[in-house]
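Descriptive structure summary
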Amino acid sequence: MGAALWFGEIVGGKAQRHDALLRFCAEITGVALERLTLAHNVFSAPLLLLDGEETGWRISSASRGDIALFGLAREKIGVDVELASSAEPAWNVLHEQEKAALRALPEELRPEKFLRLWTAKEAYLKALGLGLRREPSEICILAQAGQFEVIDQGRKIATREARLWREKAGESQALCASVVLPALL
């Protein structure tokens, strides 16, 4: 089985997202909800526990406002979601190759292209289990046609899956990314 993903609106806050993530995990794994709990490792990466013990499942979640994206896989997984915006790109988190590609675009296309790069980059960092403990500008995302490649410190990273897509989020659009890394990475 590849990665299982869930995207949707969750009204409320952190507790409601937590409960929704557990329900998603129970549904996908076929395990009774009351047997599952969530915890975090030393790097704050989420862990799925079964009867208080770690499972072989890896989870990732992301949210912006009431919009959430969850991922569950047997290998390292990372997901991210960002609401579409016309904000100026955060140039400091971009690799030099990404900066050059953005600068070559017409100005009105840069915000969405930046968010596509950023969601992919953040999903990759989550899959590593490090989040923003790594310098994002060391990572280069090569995105095209709903997929992406990761170049980390000059080395192409093998992925099982690396997807980029858009979802309708109320009156807005959300940019989503998921990446699954081989267990040995």
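Just above sits the structure.
Residues numbered from 1 in each chain as written. Predicted model: local features only at pLDDT ≥ 70, side-chain atom pairs only at ≥ 80, totals over all residues. Heavy atoms only, no water.

We now examine the overall build of the protein. From N to C terminus, the protein includes three helices and 11 strands. When the helices and strands of the protein are read in sequence order from the N terminus, they spell out β-α-β-β-β-β-β-α-α-β-β-β-β-β. Here the protein has a C-alpha radius of gyration of 16 Å; the compact-globule value for 185 residues is 16 Å, and the two agree. If one aligns the C-alpha atoms of the protein with their principal axes, the spans along those axes are about 50 × 40 × 30 Å. Here the contacts in the protein between residues at least 6 apart in sequence split such that 51% fall between residues at least 24 apart. The distance from the centre of the 23 positive side-chain charges to the centre of the 25 negative ones in the protein is 3 Å. (Helix = DSSP H or I, 4+ residues; strand = E, 2+ residues; numbered from the N terminus. Rg over C-alpha atoms; globule rule 2.2 N^0.38 Å. Contact = heavy atoms within 4.5 Å. Lys, Arg positive; Asp, Glu negative; His and termini not counted. Charge placed at Lys NZ, Arg CZ, Asp CG, Glu CD.)

Attention shifts here to the environment of Ala90. Topologically, Ala90 is positioned in the loop between strand E6 (76-83) and helix H2 (96-103). Through-space distance from the C-alpha of Ala90 to that of Arg35 is 42 Å; in sequence the pair is 55 residues apart.

Right, let's get into the pairing of strand E2 (residues 36-40). Of the pairings in the sheet, the one linking E2 to strand E3 (residues 46-50) comprises five bridges and is antiparallel in character. Its bridge partner lying in E3, Leu36 is registered against Leu50. Here E2 hands over to E3 after five residues, with Ser44 in that stretch at a positive phi of 70 degrees. (Pairing = 2+ DSSP bridges.)

Below, the discussion takes up the packing of H2 against helix H3 (residues 110-128). Where H2 contacts H3, the two axes come as close as 10 Å, and the packing angle between them is 155 degrees. Regarding the angle of H2 to H3, the classification is roughly antiparallel. H3 is crossed by H2, and the crossing has right-handed handedness. Across the interface between the two elements, Glu98, Leu102 and Arg103 from H2 touch Arg110, Lys113, Phe114, Leu117 and Lys121 from H3. Broken down by class, the residue content of the contact of H2 with H3 amounts to three nonpolar, no polar and five charged. (Axes fitted to C-alpha atoms, helices over the stretch in contact; angles between N-to-C directions. Parallel < 35°, antiparallel > 145°, perpendicular 65-115°, else oblique. Left-handed = near helix turned anticlockwise from the far one by under 90°. Nonpolar A, V, L, I, M, F, W, Y, C, P; charged D, E, K, R; others polar.)

Once that is clear, we can look at the pattern of salt bridges. For the structure on display, the rule yields 10 salt bridges. We note a salt bridge from Arg160 to Glu75, for which the minimum N-O separation is 3.0 Å. Pair noted here: Arg160 is in the loop between strand E9 (155-157) and strand E10 (161-169) and Glu75 is in the loop between strand E5 (67-73) and E6, with a separation of 85 residues, a long-range link. For Lys126, the salt bridge goes to Asp80, with nearest N and O atoms at 3.9 Å. Residue Lys126 is found in helix H3, and its partner Asp80 is found in strand E6; the two are separated by 46 residues along the sequence. (Salt bridge = Lys/Arg side-chain N within 4 Å of Asp/Glu carboxyl O.)

Another aspect to go through is the environment of Glu88. With respect to the helices and strands, Glu88 occurs in the loop between E6 and H2. Residues Glu88 and Arg110 lie 22 residues apart in sequence; the distance between their C-alpha atoms is 7.7 Å. A distance of 2.9 Å separates the side chain of Glu88 from the side chain of Trp91, its partner in a polar contact. (Polar contact = N/O pair within 3.5 Å; in protein donor to acceptor, adjacent residues only side chain to side chain.)

Both strand E7 (residues 139-144) and strand E8 (residues 147-152) contribute to a ladder of six bridges, which runs antiparallel. When the sheet's bridge partners are listed, Leu142 is paired in E8 with Glu149. What sits between the antiparallel neighbours E7 and E8 is a turn of two residues, in which Ala145 has the positive phi angle 50 degrees.

Time to look at the side chain of Ser178. By secondary structure assignment, the location of Ser178 is in strand E11 (residues 172-181). The buried category is assigned to Ser178, whose relative accessible area is 0%. When near neighbours in sequence (up to four residues on either side) are disregarded, Ser178 contacts Leu5, Gly78, Val79, Ala123, Phe148, Glu161, Ala162, Arg163 and Trp165. (Buried < 20%, exposed > 50% of the residue type's maximum accessible area, 1.4 Å probe, protein only.)

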